[in-house]
Amino acid sequence: MNLLQNRRVLLVEDESLVAMMAEDMLMDLGCEVVVAMHLDQALTYAQTQKFDLAVLDVNLGGPLSYPVADLLLQNGTPFLFATGYGQKGMKDDYKTVPILQKPYLEPQLAALLSQLLAEPSEGEHLSKPHRETVPNKSAQRRPLC
Amino acid sequence: MTNTQPPLQSTSAASKRLPSIRRDGAQLFETERRLNAVLNNASVAIFLMDDRQHCIYMNRAAEELTGWKLAEVLARDCPLHDIVHHTYPDGRPFPLHECAIDRAFPENNQERGEEVFVHRDGHFYPVGFTASPIHDDNANIIGTIIEVRDISEEKAAAERQRLLINELNHRVKNTLVSVQSIAAHTFRERTDQLIRETFNARIAALSNAHNVLVEDNWEGADLRGVIEGALAPHRSAEADVERVQISGPDLRLQPKLAVTLAMALHELMTNAAKYGALSVHEGEVAVTWELSEFIDGRGQLHLTWEERKGPPVTPPTHKGFGSRLIERQLPMEFKGSAETRYLPTGVLCELRVPLTSPPWEGQAFVQEAVAL
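Residues numbered from 1 in each chain as written. Chains lettered and ligands numbered in written order. Predicted model: local features only at pLDDT ≥ 70, side-chain atom pairs only at ≥ 80, totals over all residues. Heavy atoms only, no water.

**Q** Would you mind showing me how to read the pattern of salt bridges here?
**A** Where side chains of opposite charge bring their charged atoms close, a pairing between them can arise. Residue and element names in this part refer to chain B. With the rule as written, the count across this model stands at 29 salt bridges over all chains. As a salt-bridge pair, Arg171 and Glu167 come within 3.0 Å of each other at their nearest N and O atoms. Separated by four residues within a single helix, Arg171 and Glu167 lie in helix α7 (residues 152–187), roughly one turn from each other. In this structure Arg171 comes out as partly exposed when scored by relative accessible area, which is 46%. Take Glu167: its relative accessible area is 38%, and that puts it in the partly exposed class. Put simply, Lys256 and Glu333 hold a salt bridge, and the shortest N to O gap is 3.2 Å. Here Lys256 is found in helix α10 (residues 255–274), whereas its partner Glu333 is found in helix α11 (residues 321–334), with 77 residues between them in sequence. (Salt bridge = Lys/Arg side-chain N within 4 Å of Asp/Glu carboxyl O. Helix = DSSP H or I, 4+ residues; strand = E, 2+ residues; numbered from the N terminus. Buried < 20%, exposed > 50% of the residue type's maximum accessible area, 1.4 Å probe, protein only.)

Written out as structure tokens, the structure is:
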């Protein structure tokens, strides 16, 4: 059983090429992906929409994504940091948040995200996808070259 | 002309205005006390020189900087240069007449420069100085005031930064070459040659984009350089770059935009060479740009890629890497827009990108988020 199927994922990543790859990986895993490439946009999404999971790049071309992390912690959305910095570069406040070191592979992303969903303490609304029946339209769009 | 006035005492002209001798004395004392407090608490070294370049006053910071006490300097009775600046870092003697600080006297106001001083204990240290002449009531120059600060840390920091940037340049280039090498070995004999070429060309485009950044210490890139860098690999036989016209004003781009734009241009160029205007002998491409005003008053880059006299083109049936990068990612990454039209005359792609987005945009949201 694929735990990630039809999960709604907020992807925050400011580099186009990296965002494209991460989006493809998440769609391959059956997720519905919402991409934010700027801090303000990411904050708006995190404030106004519900997500099952989030993948946050740390450095968004200057601004850091910590305020988004704060919002996600507040509303109980499980998330991970995907960063080239590694644990050393992280602010102490977020030591408990799992880190996916860039560059990463799809199985690593899948394993960490599944682990986040499996953790029981994250709140009831996370036990099942928000949209159980809606097929993932965007997942059918595939890059062809 | 010699300086007979002790520098920190009031002039006779000033004392004439005072109504009584007693108040005069008290006020003088108070003035001197204040001046001493200012001078001795200043973190910058301050030297007062007479017209023979002898130091007649130095503050506490100057004593700490040089290792000499004012009394000792006064007792030496020689130009300050011979006490703190007498030797070049290579060990040669440094005569006073070669000294830039000396030469600054007496013509130039606020003459600035950098020199290397010799500490009392013999070690050399870099300093930044500002020298200004002091005038008497008749506008005669009676001395110089020199501010000096130790710039060892700034020099060391600049050197560290230079080394780091060199290391960064080296690493980035080598990493990209490593990626190319791994791909070559992994895909050899196993993958379509066309796919390998496409891959290699994209890595090369990424590498070229970084070349442009390296030239400018990663602080930005010149748009023309970015475009030329993106087109350079196509200068071979496959597409005659003479047929690609580039025109627009000088413009500096932030590093991120330079890289993504270079990748986008590479895709357009590759497409033109394979299927578009550059795939036929008489076809042409014009890359033009102008700076317009974005709605919020910021500058906006409006770049047009226009193919002419090529074979008829039709919209692609699917979105590939190139069109996804250009039409979706680039506008998203830079809050701009992209429009590609497949006209009978050839591909027309228009990019609009607001420039120099403030690095801290989104801070208002941060405040809001914190306040929640």
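**Q** For this particular structure, what's the right way to read the sheet that holds strand β4 (residues 124–135) of chain B?
**A** Residue and element names in this part refer to chain B. Read across the sheet, five strands follow the order β2-β1-β5-β4-β3 without closing on themselves; strand pairing throughout is antiparallel. The open sheet terminates on both sides in strands that have one partner only, identified here as β2 (55–58) and β3 (111–118). Between one strand axis and the next, the sheet turns by 30° as a mean value, whatever way the strands run. Inspection of the sheet shows strand β1 (residues 45–50) paired to β2 by three bridges, in the antiparallel sense. Bridge pairing in β2 places Met49 opposite Cys55. (Pairing = 2+ DSSP bridges. Axes fitted to C-alpha atoms, helices over the stretch in contact; angles between N-to-C directions.)

**Q** Looking at this model, I keep getting lost on the pairing of strand β9 (residues 284–293) of chain B. Mind explaining?
**A** If a strand is regular, its side chains alternate between the two faces of the sheet. All names here are of chain B. The pairing of strand β7 (residues 244–247) with β9 spans four bridges and is parallel. Paired with Val244 across the strands is Val285, a residue of β9. Of the pairings in the sheet, the one linking β9 to strand β10 (residues 299–308) comprises ten bridges and is antiparallel in character. In the strand pairing of β10, Trp289 is matched with Leu303. What sits between β9 and β10 in their antiparallel hairpin is a turn of five residues, with Gly297 showing a positive phi close to 95°.

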